[in-house]
Amino acid sequence: MATIMEGKKVVKRFGGLVAVNEVDFAIEEGEVFGLIGPNGSGKTTLFNVISKVYKNDGGQVFFRGEDITNLPPHDIAFKGLGRTYQGSKVFPNLTLMENVIVGRHCRTKVNLWDALLKTGRYRREEKASREKALEVLELIGLTDRKDQLVRDLPYAMRSIAGICIALATEPVLLMLDEPVAGLNPTETMEAMDMVKKIRDTAGITIFLVEHNMRAIMSTCERIMVINFGQKIAEGTPHEITNNPQVVEAYLGKGYLEYEATETGESS
Amino acid sequence: MRILRRFSTYLILLAAAILVPRLLSGITGGDYYLHLLVMISFWSILGMSLNLVVGFTGLANLAHAGLAGVGAYTAVLLFMFMGLPYWVSFLAAGLIAMLVGVIIGLPTLKLRGVYFAIGTLAITQVLSLIFLNAMPGGSDGVPDVPHLTLWGINFANKVNYAYLFLFFGFVVFIIIRRVVNSRIGRALVAVREGADLAATTGVNIVYYRLLGFMISAFIAGIAGALYAPYMHYTCPADWTIAQLLTLITMLAVGGFGTLWGPIVGAAILTALPEILLPLKDFIFIIYGLILIPTIIFAPRGIMGAVSDLMRRRRAKRVEV
């Protein structure tokens, strides 16, 4: 399998704080790649650096073999990188359908004159955009909600609406920032099944940040762990759960010592 | 028949636009009502163009009155002092206002929220000072701006002016409607609803902010160029913060980010001072008394409330 995205010594500083410190990573085409780490460890910052919401302070990011480090965010979206935001960020005062059609922006070309004169291209693209948006809603199963304002949708659906917008841009790599935060266990399971379905049916590589351990362990093929902006581990879910550094980062040194005495006593 | 139905809204509007000025000119005191019609059209044109930036793109642009003034002065200078044909000066007024819009837009469009408001407010003040000190007439303004003669028609009477303003109002309405209902309009609204998300979804936010600003400035310039010959006069006091506040009040009452909001707002706030003529000195207090309840009870203005109501009705019908 080919590498679809590669980060080389990516650095982001906020004043004196190094939020992302020389992180290297590589994502293979077609996999579900997870990113975990304790609160404030720099996961979302890394996402923001990759998609250019923030400017990086060092390192490079390659996407499909091309250096995207200095491209503006809309160019990166055009090249096939889709992303969602934490806390179900969507366009609240638009209907679900309108939200998804915004995702078609980078795949359409209508300019001011097309719009003013309602040219053939305008009509063609309007029709095609609606069809594609319906297709995305069909895949996700939200077609019956298409005319509702997104701000009126239940929280779980708003989070999924964000994924629909990203899918409408026809990404080859989809970055999901905590898609199941705030969802109940059933909704979480459904969302994770959907993530796998997106990968399996549309062949889109997934890069997933998640706090919910059960969700990420059951979905990802490989996981990277960062703590205080630094990469501390990478491997399969099994390797990660048994990595002492990871356990320490999440549960503290004390837990390791406690566990050692516990096992020592029982043996 | 299908074509008739498709354009039915336009046809009704067109019929009204042709008949109303004719009928008004027949009745006694008709000139006064024609004047109101012209003023409502003028404020609607300014309001619709400002709405594109403030309502749809979500930028608190406070430079609009100044940009309309740029249009008025450009047109007056070109056709009164340089003797250019009116339609040339007219087009130039739009283009110069757009150019000024770009010049002030490039540095200010990077500012966010209230900083953009302060930046553009400063520009309105600067433009006011330019009108006062660098333009002919100074604070007294330019008197005796001749009436328009376009396409062989002399616009000396109010009926013709009413037609002219209605025509431009109609054109601007269609322009704004087509822009809003296109990929461009959706990009503008996406920028308003969430700039970061819009950017990572593929919208070039700097480009669309500037494009919206340019369209808006062009229309403002043309509105100013129409207004000066109609009033026979233009002066710096026509294009100050007071005008801007009136405009913003109209948008707030009619509804930011709605197609009909600026027209409804312009109609209400132009008619009201006339009805309440005895209370003329308290007009800004009256604006306040209208504005506060609208913001409390219909935060998205009258047309915003109407569209919410219609959506709820449609949703109910779907459920049944």
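The rules behind each value
- Starting afresh in each chain, residues are numbered from 1 along the sequence in its written order.
- Chains carry letters from A onward and ligands carry numbers from 1 onward, assigned in written order.
- Local features are withheld for residues below a pLDDT of 70 in this predicted model, meaning they are given only at 70 or higher, and side-chain atom pairs are given and counted only at 80 or more; totals for whole chains, interfaces and linings count all residues.
- Think of it as a crowd count around each C-beta: if 20 or more other C-beta atoms lie within 10 Å the residue is buried, if 12 or fewer it is exposed, and in between it is partly exposed, with C-beta placed from the backbone throughout.
- Secondary structure elements follow DSSP: runs of H or I of four or more residues count as helices, runs of E of two or more count as strands, with numbering from the N terminus.
- Residue ranges labeled as domains rest on an automatic or database domain assignment.
- Whether two residues are in contact depends on their C-beta atoms, placed from the backbone: they are in contact if these lie within 7 Å.
- When residues are sorted by character, Ala, Val, Leu, Ile, Met, Phe, Trp, Tyr, Cys and Pro go into the nonpolar class, Asp, Glu, Lys and Arg into the charged class, and all the rest, Gly among them, into the polar class.
- Here an axis means a line fitted to C-alpha atoms, over the contact stretch when the element is a helix, while the angle between two N-to-C directions is reported on a 0 to 180 degree scale.
- An angle below 35 degrees is read as roughly parallel, one above 145 as roughly antiparallel, one from 65 to 115 as roughly perpendicular, and any other as oblique.
- Left-handed describes a crossing whose near helix is turned anticlockwise from the far helix through less than a right angle; right-handed describes the clockwise counterpart.

Caption draft 1: Structural view of helix H1 (residues 43-50) of chain A. Residue and element names in this part refer to chain A. Within H1, 7 of the 8 residues are buried, which leaves the element mostly enclosed by the surrounding structure. Every buried residue belonging to H1 is among Lys43, Thr45, Leu46, Phe47, Asn48, Val49 and Ile50, and all of these are buried. The first or second residue beyond H1 is Lys52, which carries a positive phi of 70°.

Caption draft 2: Spatial organisation of the domain arrangement of chain B. All names here are of chain B. Assigned domains within chain B: domain 1 (2-239) and domain 2 (241-320). The C-alpha centroid of domain 2 is placed 20 Å from the C-alpha centroid of domain 1. Contact with domain 1, which involves 22 residues of that partner, is made by 18 residues of domain 2. Elements with a contribution of two residues or more to the side of domain 1 that touches domain 2: helix H3 (30-56), helix H4 (64-81) and helix H7 (158-180). If one sorts the elements of the side of domain 1 that touches domain 2 by residue count, H3 sits on top with 13 residues. Of the residues contributing to the side of domain 1 that touches domain 2, the split by class is 14 nonpolar, 6 polar and 2 charged.

Caption draft 3: Representation of the environment of Ile241 of chain B in the model. Residues and elements named next belong to chain B. Position of Ile241 among the secondary structure elements: in helix H11 (residues 241-254). Judged by local crowding, Ile241 falls into the partly exposed class, with 15 C-beta atoms found within 10 Å. Ignoring anything within four residues of it in the chain, the contact list for Ile241 reads Ala65 and Thr124.

Caption draft 4: Geometry of the packing of H3 of chain B against helix H12 (residues 261-275) of chain B. Residues and elements named next belong to chain B. Packing of H3 against H12 leaves a shortest axis separation of 8 Å and a crossing angle of 140°. One element, H3, and the other, H12, form an angle in the oblique class. As H3 runs across H12, the sense of the crossing is right-handed. On H12, the residues that touch Leu36, Met39, Ile40, Trp43, Ser44, Gly47, Met48 and Asn51 of H3 are Gly261, Pro262, Ile263, Gly265, Ala266, Ala267, Thr270, Ala271 and Glu274. Taken together, the residues that form the contact of H3 with H12 break down as 10 nonpolar, 6 polar and 1 charged.

Caption draft 5: Local environment of the domain arrangement of chain A. Residues and elements named next belong to chain A. Domain annotation of chain A identifies domain 1 (1-80 + 171-267) and domain 2 (90-168). Look at where the C-alpha atoms of domain 1 and domain 2 centre, and you get two points 28 Å apart. If you look at the interface, domain 1 gives 12 residues, while domain 2 gives 8 residues. Sorting the residues of the side of domain 1 that touches domain 2 by element identifies helix H2 (73-78), strand E7 (173-177) and helix H7 (185-202) as the ones contributing at least two each. Split into classes, the residues belonging to the side of domain 1 that touches domain 2 amount to 9 nonpolar, 2 polar and 1 charged.

Caption draft 6: Just the packing of helix H2 (residues 8-26) of chain B against H7 of chain B, in detail. Residues and elements named next belong to chain B. Where H2 contacts H7, the two axes come as close as 10 Å, and the packing angle between them is 160°. Of the possible angle classes, the one that applies to H2 and H7 is roughly antiparallel. The handedness of the crossing between H2 and H7 comes out as right-handed. The segment H2 lies against H7, with Leu13, Ala17, Pro21 and Ser25 engaging Val159, Ala162, Tyr163, Leu166 and Phe170. The class makeup of the residues in the contact of H2 with H7 is 8 nonpolar, 1 polar and no charged.

Caption draft 7: Local environment of the interface of chain B and chain A. In this assembly, 20 residues from chain B lie in contact with 29 residues from chain A. Examining the composition of the side of chain B that touches chain A, we find that 7 residues originate from one element, helix H8 (residues 183-193) of chain B, more than from any other. A class-by-class count of the residues in the side of chain B that touches chain A yields 9 nonpolar, 6 polar and 5 charged.

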